[in-house]
Amino acid sequence: MKIPNGHPRAESLRVRELIIEGMHQDIVAKAGLIAHGRGEAFDYLIGEKTPLFAIEQQTAAIAMILLAKKAIISVNGNIASLCSEDLVKLADILSVNLEVNLFYRREERSAIVTKKLQEAGAKNILGNDPEFYTTIEELSHSRRVVDKRGIFSADVILVPLEDGDRTMALRRMGKKVITIDLNPLSRTSIWSNITIVNNVIRAIPEMVSIAEKLKNESKEVLIEIVENFDNHKSLQESLRYISQRLNDLAEGELEKPKVE
Ligand code: ATP
Ligand code: MG
């Protein structure tokens, strides 16, 4: 679908088209469309731009990944459709691998997502070689397969867009989980060590810039950033931000879209 540039919601529609195209290519599962819609609703609440608290969350996330023994970025269909190129940049700059890990796993879909990442320039993509498959016992069948060389043995996992059950299972396995989730109330948000309450579309490229800066920082500085971060407080701050913003709107002028 051609989206007119002057459309007041052109950016949101462009992103929606990416997800729909991803579904036609079998990269995105049908449930991925619903998840995206929920994300859009929460993005409205934060004003569809990156708040300051999200920059702090993103900074803590990069510091934690840089301090990890072995970090890994888990990739699902939505994230592959929305920001493969930036995800590959982020993995490169942080020297970590990408692992394809789908909620609704099928070998063919896994292969298509892998190809999408390869086209974006990714080299070492895990999660596709049955020789290295292993399972997370607590999870139901199709969602439990992970790669021994990746998620299974990593100490820090960045899972943009995760499901609550899997986040809990990963935490029970002793992993540190970093997630990007526009809903500060989801089980994933609450169970993660670091929750980035932002749209992946903005968060991933911003994390690339943060990684460029933090990469050369000393270990002490990185440790301080991580130790000063408290996920519970940070989620509370994001809820305060949303309620304050809604209160301000309720008391004052509603933002009218520009008429061309
Ligand atoms: P949980 O299982 O963690 O309790 P849930 O069941 O409510 O959450 P899921 O469908 O499992 O939700 O996960 C989708 C989550 O991804 C939603 O919370 C949604 O807000 C978030 N989300 C969707 N699209 C984006 C996006 N582009 N950027 C960031 N978050 C997003
Ligand atoms: Mg869920």
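*Asks:* I tried to follow the packing of helix α3 (residues 52–67) against helix α10 (residues 231–251) on my own but got confused; where do I start?
*Replies:* The relative placement of two packed helices comes down to the angle between their axes together with the axis-to-axis distance. It is at 10 Å that the axes of α3 and α10 come closest, and there the two elements cross at 160 degrees. Relative to α10, the element α3 is oriented roughly antiparallel. Seen from above, α3 lies across α10 with left-handed handedness. Residues Phe 53, Glu 56 and Gln 57 of α3 form the contact with α10, whose own contacting residues are Ser 234, Glu 237, Ser 238 and Tyr 241. Its residues assigned to classes, the contact of α3 with α10 comprises two nonpolar, three polar and two charged.

*Asks:* Even after reading the chapter, I still don't get the side chain of Asn 183, so can you show me in this structure?
*Replies:* Relative to the helices and strands, Asn 183 is located in the loop between β7 (176–180) and α7 (187–191). A distance of 2.8 Å separates the side chain of Asn 183 from the backbone nitrogen of Leu 185, its partner in a polar contact. Residues contacting Asn 183, with those up to four places away along its chain left out, are Phe 42 and Ser 189.

*Asks:* Could you clarify how one ought to interpret the pattern of salt bridges in this entry?
*Replies:* Opposite charge on two side chains makes pairing possible when the charged atoms of those side chains draw close. The full count for this structure, using the stated rule, is 13 salt bridges. Between Asp 26 and Arg 106 there is a salt bridge, with its nearest N and O atoms 2.9 Å apart. With Asp 26 in the loop between α1 (10–24) and α2 (30–46) and Arg 106 in the loop between β2 (97–100) and α5 (107–119), this pair connects stretches of sequence that are 80 residues apart. Judged by relative accessible area, which is 35%, Arg 106 ranks as partly exposed. Of the charged contacts in the structure, one is a salt bridge between Arg 202 and Asp 43, with a shortest N-O distance of 2.7 Å. Linking Arg 202 in helix α8 (residues 200–214) with Asp 43 in helix α2, this pair joins segments that are 159 residues apart in sequence. Classification of Arg 202 by relative accessible area gives buried; the value is 15%. Linked by salt bridges that have partners in common, Asp 26, Arg 106 and Glu 108 make up one network.

*Asks:* Sorry, what's going on with the site of ligand 1 here?
*Replies:* In the region of ligand 1, 18 residues are neighbours, and Arg 38, Asp 163, Gly 164, Asp 181 and Thr 188 sit closest. Note that an oxygen atom of ligand 1 is positioned 2.7 Å from one of the backbone N or O atoms of Gly 164. In the environment of ligand 1, a nitrogen atom lies 3.0 Å from a nitrogen or oxygen atom belonging to the backbone of Val 200. Coverage of ligand 1 by the protein amounts to 87% of the 620 Å² it exposes when considered alone. The pocket occupied by ligand 1, as judged from atoms lying within 2 Å of grid points, is the largest pocket. Of all the elements in the fold, those that place two or more residues in the shell around ligand 1 are α2 and α7. No other element matches the four residues that α2 contributes to the shell around ligand 1. Residues that form the shell around ligand 1 fall into these classes: five nonpolar, eight polar and five charged.

What counts and how
- Residues numbered from 1 in each chain as written.
- Chains lettered and ligands numbered in written order.
- Predicted model: local features only at pLDDT ≥ 70, side-chain atom pairs only at ≥ 80, totals over all residues.
- Heavy atoms only, no water.
- Axes fitted to C-alpha atoms, helices over the stretch in contact; angles between N-to-C directions.
- Helix = DSSP H or I, 4+ residues; strand = E, 2+ residues; numbered from the N terminus.
- Parallel < 35°, antiparallel > 145°, perpendicular 65-115°, else oblique.
- Left-handed = near helix turned anticlockwise from the far one by under 90°.
- Contact = heavy atoms within 4.5 Å.
- Nonpolar A, V, L, I, M, F, W, Y, C, P; charged D, E, K, R; others polar.
- Polar contact = N/O pair within 3.5 Å; in protein donor to acceptor, adjacent residues only side chain to side chain.
- Salt bridge = Lys/Arg side-chain N within 4 Å of Asp/Glu carboxyl O.
- Buried < 20%, exposed > 50% of the residue type's maximum accessible area, 1.4 Å probe, protein only.
- Near = heavy atom within 4 Å.
- Areas by Shrake-Rupley, 256 points an atom, 1.4 Å probe, with all protein chains shown as cover.
- 1 Å grid on protein atoms, 1.4 Å probe; cavity = no way out; pocket = protein on both sides within 12 Å on 5 of 7 lines; lining within 4 Å.
- Sits in = over half its atoms within 2 Å of the grid points.

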